[in-house]
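# Descriptive structure summary
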Amino acid sequence: MAVKKFIESVNRTRKRRPALNWRTAVKFLCARKWDVSRAVALYDQHEITRIREGLVDLDPDKEPLKSELDTGKFTILPTRDSTGAAIAVFTARIHCPQTSSHQTTLQGGYPAKLKKVLIVTAPLWFKAPFKILRLFVREKLRDRVFTVSLPQLSVHIPRESLPVGLGGALQVAHNAWLLHCAKSMANRASPSRLSAISTIENEVESPPISEAEEVQPQESWQPTTESAASPLALSSASSGFSDDDSLHCDSPGGLTLAEFIERVRTLGKGGLTAEYTELKARPPQGTFNHSKLKGNQAKNRYTDVLCYDHSRVLLSIEEDDPTSDYINANFVDGYKQKNAFISTQGPLPKTCADFWRMVWEQGTVVVVMTTRVMERSRQKCWQYWPLDEGSSETYGQFTLTTVSVDKQADYVVSVLDLVNNKTEEKRSVEHLQYTSWPDYGVPESAGGMLGFLQLVRSSQERLTSGLGDTWAGHSRGPPVVVHCSAGIGRTGTFCTLDICISRLDETGTVDVRGTVEKIRAQRAFSIQMPDQYIFCHVALIEYAASKGLSSPIDLSHFLADRDSD
């Protein structure tokens, strides 16, 4: 009914032009959530823009459009991203304003159906105008445009789907794509209509050169199925995704707080242990091929704690060494925030330089350490930062100086200056170490960990605010690096609590089991012991009581007395 009404409304104003087809109508209605009046307004504005900019009756075999297409500045790659979206590439350095007019460039590569725009390796002069522009565009549009460094690009798009010039292994055959477009149009249109390949009625399997179906200058476009990577680098990294990209959104299966508390009481310690045992018995949900490469094996602290290929953090490649992009670290989503955390192992002597390179390339401002360097006479982690105030250490291309040290009963906060010796840039990073997790078991009370978690959040918010225009990613800031020894036990516990508390605060619902399942899908073996799983439940109930959301409940007998990491 909506489609029929939309077509009737639009066709009344098309006069002698061919009637609008059903498929095109559906696209506009989808873009406006089936609101017919809004979809018609979108279509009308689109037509005005298309006619005003001369995006009609285009012939790809005539100049100047033919030369514009032949430059290869705009092309569609033959591969897809991890979500199945087509990848459009616009190479700005090929564009020459002296030879390509504004209208010709639009005719050659008018963007359409863009789900995500990645601006890659932009020059410094691009920073200020882009940052200012972001302040004036609508939030939905702002959340779809990201500035990334070349190493960070492979976080958004698989490396095998990227051309060689963007750090991948794909050889781009631009001319073959143009030929495919021409053949597609020849198969679908009569000769008399081949010159009109940019009109909205034309539909091809591979996105046509001038397809412009859902773009409106005065409104932000809606998410569909296309993504684009523009080789323009603004900040060193960006994890800015829309909220819906995170695994931890408002998904089914959550319990109200009252239901959650009753469930914990009913299951008891034994029931929760059995539930965890069932989760732990499930096979890994990914491969570990990069962790198992001969050149990478020595970079793993434990031979049985490897990192997934699909969510691993990729470093920039150095000296043409294909294994130099490896570090035992995985991206983990937060609540409504893609890649909120980086779960990683405690650095080894040989991986300290890689650790700080990861911090630098990801733009991280907060590092969370949930272990001590030595526990029970065993080294859990290398001393990878200068311990004393005023001291400095160099790790690879980075020099760290400890500016201040604040020791509290449960934690230590060290403010560090991180200097990239290659570029002479400097950043401030806060290192927060939780020291009250005992050698055996879990904390006797969740209060200390809950206070530490709040401190981490406050530090992240404050430091992200201080980044100003140098950060163009998610409003909650760059990924927080979290590690213990293996990067799965206490690290997984910390991430689980943060996600569950955020969800409880916003929706009043809880889903510890579902959260752990999703974290384990990104960082294998997260939540290493049953007592950690139980601790998450106990801590969440204690948090609710501290906020006046429920009455205090004594669950101290739930906490086991086992080795936690």
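Here, every reference points to the structure presented above.
Read on for an overview of the structure. (Residues numbered from 1 in each chain as written. Predicted model: local features only at pLDDT ≥ 70, side-chain atom pairs only at ≥ 80, totals over all residues. Heavy atoms only, no water.)

## A look at the environment of Gly167
Basically, it comes down to this: Helix numbering and strand numbering both begin at the N terminus, where a helix is a DSSP run of H or I of at least 4 residues and a strand a DSSP run of E of at least 2.
Here Gly167 shows up in the loop between α8 (150-156) and α9 (174-188). Residues Gly167 and Leu150, spaced 17 residues apart in sequence, show a C-alpha to C-alpha distance of 7.0 Å.

## Describing unusual backbone geometry
Definition in use: Relative accessibility thresholds used throughout: buried, under 20% of the residue-type maximum; exposed, over 50%; partly exposed, between the two (1.4 Å probe, protein chains only).
Residue Pro64 is reached from Glu63 by a cis peptide bond, and omega for that bond is 0 degrees. Turning to its location among the elements, Pro64 is positioned in the loop between α3 (36-52) and α4 (65-70). Unlike most non-glycine residues, Lys33 shows phi in positive territory, near 55 degrees. Summarising the element assignment, Lys33 is placed in the loop between α2 (22-31) and α3. In the Ramachandran plot, Ile527 falls in the positive-phi region, its phi being about 65 degrees despite a non-glycine side chain. Along the polypeptide, Ile527 turns up in the loop between α15 (512-520) and α16 (530-546). Ile527 sits in the buried class, given a relative accessible area of 1%.

## Quick look at the sheet that holds strand β8 (residues 337-344)
Basically, it comes down to this: For two strands to pair, DSSP has to find at least two bridges joining them. Orientation is described by lines fitted to C-alpha atoms, with helices fitted over the stretch in contact, and by angles between N-to-C directions that extend from 0 to 180 degrees. In what follows, residue pairs with any heavy atoms lying within 4.5 Å of each other are defined as contacts.
Across the sheet, 8 strands lie side by side as β7-β8-β16-β9-β15-β14-β13-β12; this open sheet has mixed pairing. Taken across any chain shown, the strands that pair with only one partner, and hence form the sheet edges, are β7 (329-334) and β12 (392-395). Direction aside, neighbouring strands of the sheet carry axes that sit 30 degrees apart on average. Bridge count between strand β14 (residues 411-420) and strand β15 (residues 425-434): 10 bridges; the pairing is antiparallel. Paired with Asn420 across the two strands is Glu425, which belongs to β15. Packed on one face of the sheet, helix α13 (residues 447-467) meets β9 (366-369), β14, β15 and β16 (480-483) and runs near 170 degrees to β15. Here helix α14 (residues 489-507) sits on the sheet in contact with β7, β8, β9 and β16, set at roughly 160 degrees to β8.

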